[in-house]
Amino acid sequence: MSQKKGYALLLQEQNRDVARKLGSATLAMFTLPIVAFYVGLHFLFTHKEDPLMWSGGLAVFFANVVVVGYVVSAFSEEDDEPEERVGGGQGDGDAAGPRVGAFKQRTD
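Rules and cut-offs
- Residues numbered from 1 in each chain as written.
- Predicted model: local features only at pLDDT ≥ 70, side-chain atom pairs only at ≥ 80, totals over all residues.
- Heavy atoms only, no water.
- Phe/Tyr/Trp six-rings, centres within 6.5 Å; stacked < 30°, edge-to-face > 60°.
- Buried < 20%, exposed > 50% of the residue type's maximum accessible area, 1.4 Å probe, protein only.
- Lys NZ or Arg CZ within 6 Å of the ring centre and 35° of its normal.
- Helix = DSSP H or I, 4+ residues; strand = E, 2+ residues; numbered from the N terminus.
- Contact = heavy atoms within 4.5 Å.
- Polar contact = N/O pair within 3.5 Å; in protein donor to acceptor, adjacent residues only side chain to side chain.
- Bend = angle between axes of the 7 residues up to and from the residue.

1. Notes on the packing of aromatic side chains
Working step 1: A full pass over the atoms with the stated rule returns three aromatic pairs.
Working step 2: Between the aromatic rings of Phe37 and Tyr38, the centroid separation amounts to 5.1 Å while the plane-to-plane angle is 85°, which identifies the pairing as edge-to-face.
Working step 3: The exposure class assigned to Phe37 is partly exposed, which follows from its relative accessible area of 22%.
Working step 4: Taken together, a centroid distance of 5.4 Å and an interplanar angle of 75° make the contact between Phe61 and Phe62 edge-to-face.
Working step 5: The class of Phe62 is partly exposed, set by a relative accessible area of 26%.
Working step 6: Lys48 extends its terminal NZ or CZ atom over the ring of Trp54, reaching a point 4.6 Å from the ring centre.

Dropping the structure here:
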């Protein structure tokens with residue numbers, strides 16, 4: 001059985017939504033700051049003392065908007081696991097990860 005890697009993983013049925021989201025975020029990250037820079041340079045900040053600085057700041061702002069939008073959309077996805085397993089509490093104790101600190105059980 002060969003293991004799929006890279007681009008082939010994004011083409012699988014269960015990963016198409018993730019691939020679409022990643023592609024649109026990549027396209028927005030490439031185009032939106034550049035367009036914002038030139039719009040700011042030629043239209044918004046023409047009468048400022050240093051229009052390059054203001055346009056660069058506008059491009060950085062829009063790059064951060066794209067990153068924040070991608071992170072928010074990634075965290076708003078549905079989980080694959082059912083809710084009763086996420087809460088932990090029941091089960092073998094290692095389903096949610098190892099216990100550490102005050103929750104650790106002594107075996108000696």
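Picking up where we left off.
2. Quick word on the environment of Leu10
Working step 1: Summarising the element assignment, Leu10 is placed in helix H1 (residues 7-10).
Working step 2: Note: C-alpha distance between Leu10 and Arg20 (10 residues apart in sequence) is 8.9 Å.
Working step 3: Setting aside residues up to four positions removed in sequence, Leu10 forms contacts with Asn15, Arg16, Ala19 and Leu22.

3. Quick notes on the side chain of Ser55
Working step 1: Of note, Ser55 is situated in helix H3 (residues 51-75).
Working step 2: Residue Ser55 is classed as buried on the basis of its relative accessible area of 0%.
Working step 3: Only 2.9 Å separates the side chain of Ser55 from the backbone nitrogen of Leu41, close enough to count as a polar contact.
Working step 4: Non-local contacts of Ser55, meaning those with residues more than four positions away in its chain, are made with Phe37, Gly40, Leu41 and Phe45.

4. Examining helix H2 (residues 16-44)
Working step 1: Of all the bends in H2, the greatest measures close to 25° and is centred on Ala28.
Working step 2: Along H2, the residues that are buried comprise Ala25, Pro33, Ala36, Gly40 and Leu41.
Working step 3: The inward-facing, buried residues of H2 contact H3.

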